[in-house]
Amino acid sequence: MNGKFISIEGIEGAGKSTQLAFIERYLKENGKQLVVTREPGGTELGEQIRTLLLTPTKTSMAVDTELLLMFAARSEHVAQVIKPALENGNWVLSDRFTDATFAYQGGGRGIDRQRIADIADWTLHGLQPDLTLLFDVPVEVGQQRVLSRNQGVDRFEQEKVEFFQRIRDCYLQRAQQEPERIKIIDASQSIAQIEAQLTLILKPLL
Ligand code: Z5A
């Protein structure tokens, strides 16, 4: 595998989608063959699972169902998209990967981290990003940005501030535990300042 695998993470409204376009442009301008993808999703089946996961429902979804659906979509994503791309020497840029499961289903929903790690070992066989860009903003800032976007809210966006606070804490804790892989971006800054931070991190990888 010669290509690099980059994931981007953060709470809602952190600016991942906005900066994904910048990262894509930057890497392509620097000659990288890049596959841009997302989770949950990235494959036909994965996008169907995404709809199940994000569509608000009248009854609540059991937390284990949510966890297993995330990994079902990811398993398909790895087999159909990520592994083949890396094996062909391409780079992969994924809007979210397994850190999101530790943050949302672990931190947010309270599922035991070891259980998540066990499923990750079973389904991913050690695959993890070479680099994870963690877009970090205070929860209130992220929520304000989502509100000002003026779109409908998905099943996760219906959750309370405390849920997102636990997710942010979990992401930051993981970044502390794995500082070589997970780089924190101060995403409360302006778009231009964030692009400058990203360039500093990405340049040495080229
Ligand atoms: N999920 C999970 O639970 N477990 C898992 O394992 C995985 C996922 C893989 C997928 O949603 C949901 O699935 C997610 C976690 C869960 N749920 N939540 N919440 P997603 O990743 O597709 O969507 P999202 O996280 O909700 O993304 P988002 O709301 O689109 O946020 P974003 O991409 O980080 O933000 P954005 O769209 O780039 O920016 C939001 C607005 O702010 C927009 O109007 C921008 O113009 C504006 N913006 C962006 N940057 C700035 C700056 N720097 N200043 C000012 N304004 C800005």
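Structure shown above.
Along each chain, residue indices are assigned from 1 in the same order as the chain's sequence is written. Only residues with pLDDT of at least 70 get local features here, since the model is predicted, and only at 80 or more are side-chain atom pairs given and counted; chain-wide, interface and lining totals rely on the full set of residues. Here the side-chain values reflect all heavy atoms present in the structure, with hydrogen atoms and water set aside.

Overview of the pattern of salt bridges
So, step 1. Salt bridges are identified by distance alone: a Lys or Arg side-chain nitrogen within 4 Å of an Asp or Glu carboxyl oxygen. Under the defined criterion, the tally for this structure stands at 13 salt bridges.
So, step 2. In this structure, R115 engages D64 in a salt bridge whose closest nitrogen and oxygen atoms are separated by 3.3 Å. Placement of R115 in helix α5 (residues 113-124) and of D64 in helix α3 (residues 63-87) is noted, with a sequence separation of 51 residues between them.
So, step 3. The exposure class assigned to R115 is partly exposed, which follows from its relative accessible area of 41%.
So, step 4. Remark: exposure states derive from per-residue accessible area (1.4 Å probe, protein chains only) relative to the maximum for the residue type, with buried under 20%, exposed over 50%, and partly exposed in between. Under the relative-accessibility criterion, D64 is labelled partly exposed at 30%.
So, step 5. As a salt-bridge pair, E66 and R155 come within 2.7 Å of each other at their nearest N and O atoms. Secondary structure elements follow DSSP: runs of H or I of four or more residues count as helices, runs of E of two or more count as strands, with numbering from the N terminus.

Overview of the sheet that holds strand β1 (residues 5-10)
So, step 1. Paired strands are those between which DSSP finds at least two bridges. Taken in spatial order, the five strands line up as β2-β3-β1-β4-β5 in an open sheet, and their pairing is parallel. Each of the sheet's edge strands pairs with one partner strand only, and the pair in question is β2 (34-38) and β5 (182-186). Ignoring which end each strand starts from, the neighbouring axes of this sheet average 20° apart.
So, step 2. Examined bridge by bridge, β1 and strand β4 (residues 131-136) share five bridges and lie parallel to one another. Opposite S7, over in β4, you have T132 as the bridge partner.
So, step 3. Where helix α1 (residues 16-29) meets the sheet, its contacts fall on β1, β2, β3 (91-95) and β4, and the angle it forms with β3 comes to roughly 170°. Angles here are taken between N-to-C directions and fall from 0 to 180 degrees, while the axes themselves are lines fitted to C-alpha atoms, restricted in helices to the stretch in contact. For this analysis, residues touch if any pair of their heavy atoms sits within 4.5 Å.

A word on the packing of α1 against helix α8 (residues 191-202)
The packing of two helices is summarised by the inter-axis angle and the distance between the axes.
So, step 1. Contact pair α1 / α8: the axes reach a minimum separation of 11 Å and the direction vectors enclose 45°. Between α1 and α8, the angle falls in the class oblique. When the axes of α1 and α8 are compared, the crossing they make is right-handed. Only I191, I194, E195, L198, T199 and L202 of α8 make contact with α1, whose side of the interface consists of T18, Q19, F22, I23 and Y26. Any angle that is under 35 degrees is reported as roughly parallel, and any over 145 degrees as roughly antiparallel; angles of 65 to 115 degrees are reported as roughly perpendicular and all others as oblique. In this scheme the handedness of a crossing depends on how the near helix is turned from the far one: anticlockwise by less than a right angle means left-handed, clockwise means right-handed.

Considering the site of the ligand
So, step 1. Note on definitions. A residue lies near a molecule or strand when any single heavy atom of the residue is within 4 Å of it. In the vicinity of the ligand, 28 residues are found, and the nearest of them are S17, T18, R50, R96 and T101.
So, step 2. Residue exposure ignores everything except the shown protein chains as possible cover, and the areas themselves are Shrake-Rupley values with a 1.4 Å probe. Coverage of the ligand by the protein chains reaches 84% of its 1,100 Å² of free accessible surface.
So, step 3. Cavity membership is defined here by more than half of the atoms lying within 2 Å of grid points; on that basis the ligand lies in the largest pocket.
So, step 4. Of all elements in the fold, only α1, α2 (44-54), α3, α4 (98-108), α6 (139-149) and α8 reach the threshold of two or more residues within the shell around the ligand.
So, step 5. Ranked by the residues each element gives to the shell around the ligand, the list is headed by α4, at four residues.
So, step 6. For the shell around the ligand, a count of residues per class yields eleven nonpolar, eight polar and nine charged. We place a 1 Å grid over just the protein atoms. Points where a 1.4 Å probe fits but has no way out form a cavity, open points with protein on both sides within 12 Å along at least 5 of 7 lines form a pocket, and any residue with an atom within 4 Å of a point lines it. In this scheme, a molecule is assigned to a cavity or pocket if more than half of its atoms are within 2 Å of the grid points. Only Asp, Glu, Lys and Arg are considered charged, only Ala, Val, Leu, Ile, Met, Phe, Trp, Tyr, Cys and Pro nonpolar, and every remaining residue, Gly among them, polar.

Description of unusual backbone geometry
So, step 1. The step from E39 to P40 runs through a cis peptide bond, and the omega angle for that step is -10°.
So, step 2. Tracing the backbone through its elements, the reader meets P40 in the loop between β2 and α2.
So, step 3. Non-glycine residue R96 carries a positive phi angle of around 85°.
So, step 4. Mapped onto the elements, R96 comes out in the loop between β3 and α4.
So, step 5. Non-glycine residue H125 carries a positive phi angle of around 50°.
So, step 6. Mapped onto the secondary structure, H125 falls in the loop between α5 and β4.
So, step 7. Its relative accessible area of 61% is what places H125 among the exposed residues.

Digging into the packing of α4 against helix α7 (residues 161-177)
So, step 1. Closest axis-to-axis distance for the α4/α7 pair is 8 Å, and the angle between their directions is 135°. Judged by the inter-axis angle, α4 sits oblique to α7. Every pair of crossing elements has a handedness; the one defined by α4 and α7 is right-handed. In contact with D99, A100, F102, A103, Y104, G107 and G108 of α4, α7 contributes F163, F164, R166, I167, C170, Y171 and R174.
So, step 2. Partitioned by chemical class, the residues of the contact of α4 with α7 number nine nonpolar, two polar and three charged.

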